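Given next are the chains, with one letter for each unit.
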Amino acid sequence: MLNYLMGCFNIVFLVLLGAIYFYWPELMQVEGFWFSIGAIWLVFIVSFILFGDVADEIAGVNKYKDDEF
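Overview of the structure. Nothing here was measured: the structure is a model prediction, and the numbers come from that model. (Residues numbered from 1 in each chain as written. Predicted model: local features only at pLDDT ≥ 70, side-chain atom pairs only at ≥ 80, totals over all residues. Heavy atoms only, no water.)

Here we come to the packing of aromatic side chains. A complete count under the given rule lists 2 aromatic pairs for this structure. Pairing Tyr21 with Phe22 gives two aromatic rings, centres 5.2 Å apart and planes at 75°, and the pair type is edge-to-face. Here the aromatic rings of Phe33 and Trp34 are separated by 5.0 Å at their centres, their planes lie at 80°, and the arrangement is edge-to-face. On the basis of relative accessible area, Phe33 is assigned to the buried category, the value being 10%. (Phe/Tyr/Trp six-rings, centres within 6.5 Å; stacked < 30°, edge-to-face > 60°. Buried < 20%, exposed > 50% of the residue type's maximum accessible area, 1.4 Å probe, protein only.)

Let's shift gears to the nonpolar core. In terms of nonpolar packing, the biggest core is built from 6 residues, these being Phe13, Leu17, Ile20, Met28, Phe33 and Ile37. Elements that contribute at least two residues to this core include exactly helix H1 (2-23) and helix H2 (33-51). Of the residues forming this core, the biggest block, 3 residues, is contributed by H1. With sequence-adjacent residues up to four places away left out, Phe33 is seen in contact with Leu17, Ile20, Leu27 and Met28. (Core = buried A, V, L, I, M, F, W, Y, C linked by side-chain atoms within 4.5 Å. Helix = DSSP H or I, 4+ residues; strand = E, 2+ residues; numbered from the N terminus. Contact = heavy atoms within 4.5 Å.)

The following block contains the structure:
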């Protein structure tokens with residue numbers, strides 16, 4: 001599940017960058033644009049790791065398995 005969500009986010013992120021490249025290319029020349037793009041991507045990755053399935057796996061919680069009695 002984790003791989004599908006990250007792949008989806010990365011594809012949407014690349015499509016957004018492509019749209020900016022074709023429709024608003026002068027925005028890419030603004031100082032700090034690439035740093036901002038990198039910071040947004042890094043914040044998403046960190047929050048996904050801290051609050052997503054990876055944190056559940058580290059804690060030993062598996063919400064996808066049924067409880068077996």
